[in-house]
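The residues making up each chain are set out below.
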Amino acid sequence: MPGPNHYDVTTWPVGDPAWDIGQVINSIIADVKQRQAVTADGGRPGAVIYIPPGDYRLRTQVVIDISFLRIEGAGHGFTSSSIRFNVPEDEWPDLHELWPGGSRVLVDLAPGAGVDESRGAAFYVERDGSPRISSLEFANFLIDGLHFEPDGSDLQPENTYVNGKTGIHVASANDSFRVNGMGFVYLEHALVMHNADALSIHDNFIAECGSCVELRGWGQASKITDNLIGAGFKGHSIYAENHGGLLITANNVFPRGASSVHLSGVTRSSISNNRLHSFYPGMVVLESTSSENLVSANHFLRDHEPWTPFLGIDNGREDTYGLLRVSGSNNSVIGNHFSEIVDAQGIRPVGSTPVIIRVAVGSGNYVASNHVVALDVHAATSDSCFAAQVDALLATDASDGLVVTTVMVDPESARNTVLDSGTEAQVVADRRVNAVRATPTIGS
Amino acid sequence: MPGPNHYDVTTWPVGDPAWDIGQVINSIIADVKQRQAVTADGGRPGAVIYIPPGDYRLRTQVVIDISFLRIEGAGHGFTSSSIRFNVPEDEWPDLHELWPGGSRVLVDLAPGAGVDESRGAAFYVERDGSPRISSLEFANFLIDGLHFEPDGSDLQPENTYVNGKTGIHVASANDSFRVNGMGFVYLEHALVMHNADALSIHDNFIAECGSCVELRGWGQASKITDNLIGAGFKGHSIYAENHGGLLITANNVFPRGASSVHLSGVTRSSISNNRLHSFYPGMVVLESTSSENLVSANHFLRDHEPWTPFLGIDNGREDTYGLLRVSGSNNSVIGNHFSEIVDAQGIRPVGSTPVIIRVAVGSGNYVASNHVVALDVHAATSDSCFAAQVDALLATDASDGLVVTTVMVDPESARNTVLDSGTEAQVVADRRVNAVRATPTIGS
Amino acid sequence: MPGPNHYDVTTWPVGDPAWDIGQVINSIIADVKQRQAVTADGGRPGAVIYIPPGDYRLRTQVVIDISFLRIEGAGHGFTSSSIRFNVPEDEWPDLHELWPGGSRVLVDLAPGAGVDESRGAAFYVERDGSPRISSLEFANFLIDGLHFEPDGSDLQPENTYVNGKTGIHVASANDSFRVNGMGFVYLEHALVMHNADALSIHDNFIAECGSCVELRGWGQASKITDNLIGAGFKGHSIYAENHGGLLITANNVFPRGASSVHLSGVTRSSISNNRLHSFYPGMVVLESTSSENLVSANHFLRDHEPWTPFLGIDNGREDTYGLLRVSGSNNSVIGNHFSEIVDAQGIRPVGSTPVIIRVAVGSGNYVASNHVVALDVHAATSDSCFAAQVDALLATDASDGLVVTTVMVDPESARNTVLDSGTEAQVVADRRVNAVRATPTIGS
């Protein structure tokens, strides 16, 4: 048996982890606190709590107020619940499995818990005083919200992305947290972190949640790297507000989030080297004076919803909104690829010209060496989610060019620089107050 | 003892893992299936199978058809077998160790198994029906093919990269698989994945294999990130076909693969921010109408084979083939560095001008802000693999400039844009049908 | 109990890990060597040594000379010692914890050990002969140097970054090492690696150390990826010498290192896609003929020290030194964002114009598509480290433009190319010997 700070939920004498892992983990945390209350020279090393593969209901919220706790499973166990819930119920007996697996926490809090956002969280972290709570780690297990609920729309209940459940909610200032190798599925909010410093969200699988990563309050010097992420149509795949020095890189963000990356009041941060895919405009939004950020070396793909259960759903934004929309100053948009692959007949407002990069408000932005591909395709759809997506992704043949505005600088903006990011006609900007060098054309 | 879904190959009562770990793991899988056949509400969480450090022969192929299985070791245990096999045998008694280590699976399938590609695989994954098999994870162990075999050439048998062995072969459509922290060595094929969705191949060490990563069939939304990879001269370091939304980033790909990254029919994907090193032309190949991809912020180095056992070996491609070769449309090639460091006397065809970026077929490609360095060096070689490579890598002094074509757009291609990627003389393209802005020169 | 090659420091019969984990680990290594001295066919798989969460003093240096050893904890346990030591001592009883935690090794070597750099290392790795020592892994534990010492300056002793302690010191040539998920704090040198091949330093937390990552001697084909790193004002956050093919990417490097990335004699390597933040000039230094490197898609932020304990401290470099300084040839500097946010009154030499990119020596460098933002701000400071940093990071309002030289090419340099990286006035270079295309301005 390893040292006293190594726990296993299946061998802890208090509670039944299959019935309520929340009670078990809270009991373990109480034990850690009691044992480490008095120490020789102040050392409180925390503990690791191991969750072996298995199904564990969580009926009691886990409340964490100690540093250096690592909660660790042996598998993120993701499988698509969205696809399964859209399989006719009479076919379920033929399915190999009905649910996600791995080290799986089934969020089963009492009805109504989610009315209060913090009470609807499976894992709730809060500690006042000093120092900030540090080095909490979540690794290699799955948090499964199980079901979505009717939202009053025509959507099937399991397609609403609404259930009042949150995977992890961190309410107070924190330092050096880690979320690694986790899975999140069917939660209205997967991961909500307030006031983070030096946070690492790395190599996770966060999909089929209303919103995936939300950095709220304020924070600095964090990274969101190398994740597979895809939110529901109502929410954010990656959201941050009032952060500085945030590095968002090497993520593969897939549909259908209302946005892929949404920054509000974020400065001196990077969105670089990500693969971003969306079905709607407003893939990347820099708003509320988000300034001095770098958006670089990303691949943006916007195409159409191919899966029948979500046909007609969108994020409410028109095609003139911009795939990338900037409201702020002194940002750099360099060396990105944009593919806009849509059915011209579906463009909204009807007859408008879609906008790819839109500098709505701000000055001193530098937009250079971006390549925009725009194709008019006839949208094929399918009952099979995976096949439809792959078919759409690979389809490049039967398509025509589509007229787009590659860069639009609004009249509210001035002193921006646009280089090699569209032809003279594709860049809409007042040349009297912005510097524009059009991408050369043949013979120019 | 952790929960019932946590297994250890050294304590499982069936079989002897040192004699045949394949039999042991298959027995464990049978146990998981039998125990999880009937569950209260359909939950089948899978299991983790732990392989402690040790040598484990695999005489029976592992066959996997359940989701949520994690096979995990405690060390990828790579050491160079290639260097060792090229040490004279009378020096072997002086060596600290002869073989790789860590949690090491020694692939010892019956002779002839590899004649059939799927039978030559140590780990074989296949499941029909729905849903697709999900969240299989391989982590932190080594798969060692032990020996290569004579291939009829003049090469020493251990230098052929041929033995009919595959590390992991996934035959059917799959979702959310992970391969993390693994080692692969001396396999003809390390990792072959068919029809992958949301696959993550992250932080592995895959070297001295015929081919390293092969994504076959079709697939989407996957990532190959942060790996150390280097194939044999016959094979692929990273290969993908008919994939969309693939993110290949932060990899350090070293020689001597026939290619560093080879994409066939791949669309809307990224090769960005990798360090790529090869001894031959054709480092990155986009073929069969690979379109709308982003090749950005990569460091390409092509120099010469410095190690005597492989002198004279190459991939059969001439220097006019291109270090980066594009056959497809609407791709973006932005902000890459290319170093071509070769002995001018070795250029093939004799007297030809090497080509760095070649747009062979396609339109709408955007090639901008690439920097090409070309030097003529006298190739030094050595019996010591490591010393030779480091010496070659660091040598920049005794070199002269080399005349190259930085960008060649073939007559079959039109409507491409080439910006700041070579001087007027270095860019070979029909200006009547392509837009070219040469890199400014002094006084221009 | 897992196989014989799986050890736990808390159950090993020799020594007391709380009193001296060094003695325990050395005893385990001796056991591995003795058991694996004679093996059937030369297999020496090594072992894993597990360190559960807890406080473990290290009074005896761990000496490692076997391959395939993995030393693994269950938590990097970082918390800021720097902030704590600058809290008035009478407030300590109110603190939740005084020390870092997790699987924590407290470096408590005999006084004077650090006079000799190798003797001051907690973990010392050396092996002569062949093959090179391979696949050593350090994972998921913390090495804590505990205290800094007076250095003769006016600084408080705990703010000096001096104590003669090193976390890990690798003295001899090595292959395929891994350092993953580790924490390092309050060490004069965190990680010193000589002569590394295919090294991976990934996803670590290395902060409040004199220097963080130092790759010394020579080496190749390694990666430093996805780390959170921040050295002391005297040292290096990331340093490498005589390396080729090094990939430094996806790191978030925060203050206050004397440099963020410092390369000496490094060739054909990449610094790409990092977020870099410093309080001094000389953030990235390429010196001693560092050539053919790619510096791409990075976010550079230089602002001012906001925390009162370190006011007045700097790295001794003047503002004309360059945030990025290049001494070498044929490098590529493409698509970076630079923010220089300083109080104009603090610029040194007084009245000088700060330089952002300085090509001091060398030819053939290619500097393109870089965006420089320079603002004059009145430096606010605070007793609270975190609040001060976040305030400074988010402050963009009350600022004026600052005149800077975006690119300076020294007279010693010629045949460089500077494109779109500053206006005609902002680029200082002899146009007779360098090619310059200024960033277009309004109406130009």
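Every chain begins its residue count from 1, and numbering advances along the sequence as written. Working convention: letters from A go to chains and numbers from 1 go to ligands, in the order in which they are written. Local features in a predicted model are, by the rule used here, given only for residues with pLDDT of at least 70; side-chain atom pairs are given and counted only at 80 or more, and totals for whole chains, interfaces and linings are based on all residues. Side-chain measures here rest on the full set of heavy atoms in the structure, leaving out hydrogens and waters.

Where an unreviewed UniProt entry is consulted, chain A appears under the name Right-handed parallel beta-helix repeat-containing protein, with the organism given as Promicromonospora alba.

A. Seen up close, the pattern of salt bridges. Each salt bridge in this description consists of a side-chain nitrogen of Lys or Arg and a carboxyl oxygen of Asp or Glu lying within 4 Å of one another. This model, assessed by the stated rule, comprises 81 salt bridges over all chains. For Arg70 of chain C, the salt bridge is made with Glu72 of chain C, and the minimal N-O distance between the two is 3.3 Å. When a residue's accessible area, from a 1.4 Å probe over protein chains only, is under 20% of the maximum for its type it is buried; when over 50% it is exposed; and in between it is partly exposed. Arg70 of chain C gets classed as buried once you look at its relative accessible area, which sits at 6%. Connected through shared salt-bridge partners, Arg70, Glu72, Glu137, Arg178 and Lys223 of chain A together with Asp203 and Asp226 of chain C make up one network.

B. Focus on the domain arrangement of chain A. All names here are of chain A. Segmentation of chain A into domains returns domain 1 (1-237) and domain 2 (255-444). Note: domain ranges come from an automatic or database domain assignment. Here the C-alpha centre of domain 2 lies 33 Å away from the C-alpha centre of domain 1. Any two residues having at least one pair of non-hydrogen atoms within 4.5 Å are treated as being in contact. Contact residues are listed per partner, giving 14 residues for domain 1 and 15 residues for domain 2. In total, domain 1 and domain 2 occlude about 1,000 Å² of area from one another, counting both sides; carbon and sulfur atoms represent 62% of this. Across the contact surface, domain 1 and domain 2 share 0 salt bridges. Summed over both partners, the accessible area (1.4 Å probe) lost when two parts come together is defined as the buried area.

C. The arrangement of the interface of chain A and chain B in detail. Listed as interface residues are 69 residues of chain A and, on the opposing side, 79 residues of chain B. The contact between chain A and chain B buries some 5,400 Å² in all, and 55% of this surface belongs to carbon and sulfur atoms. Together, His96, Glu97 and Phe386 of chain A form the three largest contributors to the area buried by chain A at its contact with chain B, with a combined 13%. At the boundary of chain A with chain B, the tally comes to 5 salt bridges. Across the salt bridge formed by Lys223 of chain B and Asp203 of chain A, the nearest N and O atoms sit 3.1 Å from each other. What qualifies as a polar contact is a pair of N or O atoms within 3.5 Å, subject to a donor-acceptor requirement within protein and to the restriction that residues adjacent in sequence count only when both atoms come from side chains. For the pair chain A and chain B, the number of links is 32 residue pairs in polar contact (both at pLDDT 80 or more). To qualify as a helix, a DSSP run of H or I must reach at least 4 residues; to qualify as a strand, a run of E must reach at least 2; elements of each kind are numbered from the N terminus. Sorting the residues of the side of chain A that touches chain B by element identifies β3 (54-58), β30 (299-302), β33 (337-342), β36 (371-376) and α3 (385-394) of chain A as the ones contributing at least two each. Sorting elements by how many residues they give to the side of chain A that touches chain B places α3 of chain A first, with 6 residues. Of the residues in the side of chain A that touches chain B, the class split is 27 nonpolar, 32 polar and 10 charged. Following the grouping adopted for this structure description, the nonpolar residues are Ala, Val, Leu, Ile, Met, Phe, Trp, Tyr, Cys and Pro, the charged ones are Asp, Glu, Lys and Arg, and the polar ones are all others, Gly among them.

D. Geometry of the interface of chain C and chain A. On the chain A side, the residues contacting the 69 residues of chain C number 79 residues. In total, chain C and chain A occlude about 5,300 Å² of area from one another, counting both sides; carbon and sulfur atoms represent 55% of this. Interface area lost by chain C to chain A is led by His96, Glu97 and Phe386 of chain C, which between them contribute 13%. The tally of links from chain C across to chain A stands at 5 salt bridges. The residue Asp203 of chain C makes a salt bridge to Arg178 of chain A at a minimum N-O spacing of 3.5 Å. For the pair chain C and chain A, the interface holds 32 residue pairs in polar contact (both at pLDDT 80 or more). Only β3 (54-58), β30 (299-302), β33 (337-342), β36 (371-376) and α3 (385-394) of chain C provide two or more residues apiece to the side of chain C that touches chain A. Here the element with the most residues in the side of chain C that touches chain A is α3 of chain C; it accounts for 6 residues.

E. Structural context of the relation of the copies chain C and chain A. A least-squares superposition brings the copies together, and it is based on the C-alpha atoms of residues with pLDDT no lower than 70 in both. Laying chain C over chain A is done by rotating through 120 degrees and shifting 0.0 Å along the axis; what remains is an RMSD of 0.0 Å. Those values place the two copies in the arrangement expected of a three-fold rotation axis. Little of the interface of chain C is mirrored in chain A, where only 9% of its interface residues are also at the interface.

F. Expanded view of the relation of the copies chain A and chain B. The transform that puts chain A on chain B rotates by 120 degrees and translates by 0.0 Å along the axis, for an RMSD of 0.0 Å. Counting the interface residues of chain A, we find that no more than 9% of their copies in chain B are interface residues as well, pointing to two distinct contact surfaces.

G. A look at the packing of aromatic side chains. Here a Phe, Tyr or Trp ring, Trp counted by its six-membered ring, pairs with any other such ring whose centre lies within 6.5 Å, and the pair is stacked when the planes are under 30 degrees apart, edge-to-face when over 60, and tilted otherwise. Applying the stated criterion across every chain yields a total of 51 aromatic pairs over all chains. Ring geometry for Phe205 of chain B versus Phe254 of chain B: centroids 6.4 Å apart, planes at 55 degrees, classification tilted. Pair noted here: Phe205 of chain B is in strand β17 (residues 205-209) and Phe254 of chain B is in the loop between β24 (252-253) and β25 (259-264), with a separation of 49 residues, a long-range link. For the pair shown, Phe205 of chain B and Phe254 of chain B are each scored as buried. Residues Phe279 of chain B and Tyr280 of chain B carry aromatic rings whose centres are separated by 6.5 Å and whose planes lie at 75 degrees to one another, so their mutual orientation is edge-to-face. An aromatic cluster of three or more residues is present, and its members are Phe85, Trp92, Trp99, Phe148, Tyr161, Tyr186, Phe233, Trp307 and Phe310 of chain A.

H. Layout of helix α1 (residues 17-35) of chain A. Residues and elements named next belong to chain A. Its 19 residues give α1 an end-to-end C-alpha distance of only 22 Å, which falls more than 12% under 27 Å, the value for a rise of 1.5 Å per residue. Note that bend, as reported per residue, equals the angle between axes fitted to the 7 residues terminating at that residue and the 7 residues originating from it. The largest bend in α1 is about 45 degrees, located at Gln23. Listed in full, the buried residues belonging to α1 are Pro17, Asp20, Ile21, Gly22, Val24, Ile25, Ser27, Ile28, Ile29, Asp31 and Val32. One side-chain oxygen at the N-terminal end of α1 lies 2.9 Å from the backbone nitrogen of Ala18; it belongs to Asp16. By this rule, a helix spans an expected 1.5 Å times one less than how many residues it contains.

I. Summary view of α3 of chain A. Among the 10 residues in α3 of chain A, 7 count as buried, and that is most of the element. Within α3 of chain A, burial applies to Cys385, Phe386, Ala388, Gln389, Val390, Ala392 and Leu393 of chain A. The inward-facing, buried residues of α3 of chain A abut α2 (81-85), β27 (275-278) and β30 of chain A together with β15 (189-197), β18 (211-220) and β22 (243-244) of chain B.

J. Highlighting the environment of Glu72 of chain A. All names here are of chain A. The topology assignment puts Glu72 in strand β5 (residues 69-73). In sequence terms Glu72 and Leu199 are 127 residues apart; their C-alpha atoms lie 17 Å from each other. Apart from the residues within four sequence positions on either side, Glu72 is in contact with Val48, Ile49, Tyr50, Ile51, Ala139, Asn140 and Phe141. Reaching out from Glu72, the side chain makes a polar contact with the side chain of Arg70 at a distance of 3.3 Å.

K. Fine view of the sheet that holds β24 of chain B. All names here are of chain B. DSSP bridges decide pairing: two strands pair if at least two such bridges lie between them. One open sheet holds the 12 strands; their spatial order is β3-β6-β10-β14-β17-β20-β24-β27-β30-β33-β36-β37, and the pairing between them is mixed. The open sheet terminates on both sides in strands that have one partner only, identified here as β3 (54-58) and β37 (400-401). Pairing of strand β36 (residues 371-376) with β37, which is carried by 2 bridges, proceeds in the antiparallel orientation. Opposite Leu375, over in β37, you have Gly401 as the bridge partner. Where helix α1 (residues 17-35) meets the sheet, its contacts fall on β3 and β6 (103-107), and the angle it forms with β3 comes to roughly 55 degrees. Convention adopted: a line fitted to C-alpha atoms gives each axis, helices being fitted over their contacting stretch, and angles between N-to-C directions are expressed from 0 to 180 degrees.

L. Region of interest: the sheet that holds strand β14 (residues 183-185) of chain C. Residue and element names in this part refer to chain C. In space, the 12 strands of this open sheet follow the order β3-β6-β10-β14-β17-β20-β24-β27-β30-β33-β36-β37, with mixed pairing throughout. The two strands at the open ends of the sheet, each matched to only one other strand, are β3 and β37 (400-401). For strand β20 (residues 228-231) and strand β24 (residues 252-253), the ladder comprises 2 bridges, and the chain directions are parallel. For Leu228, the partnering residue across the bridge sits in β24 and is Asn252. Strand contacts of helix α1 (residues 17-35): β3 and β6 (103-107), with the helix running at about 55 degrees to β3, the strand carrying the most contacts.

M. View of unusual backbone geometry. Here the amide bond leading from Ser130 of chain B into Pro131 of chain B is cis, since omega sits at -10 degrees, within 30 degrees of zero. Turning to its location among the elements, Pro131 of chain B is positioned in the loop between β7 (121-125) and β8 (133-134). With a phi angle near 65 degrees, Asn140 of chain A is a residue other than glycine that sits in the positive phi range. Residue placement: Asn140 of chain A occurs in the loop between β9 (137-139) and β10 (142-144). In this structure, Tyr186 of chain B is a non-glycine residue whose phi angle is positive, near 55 degrees.

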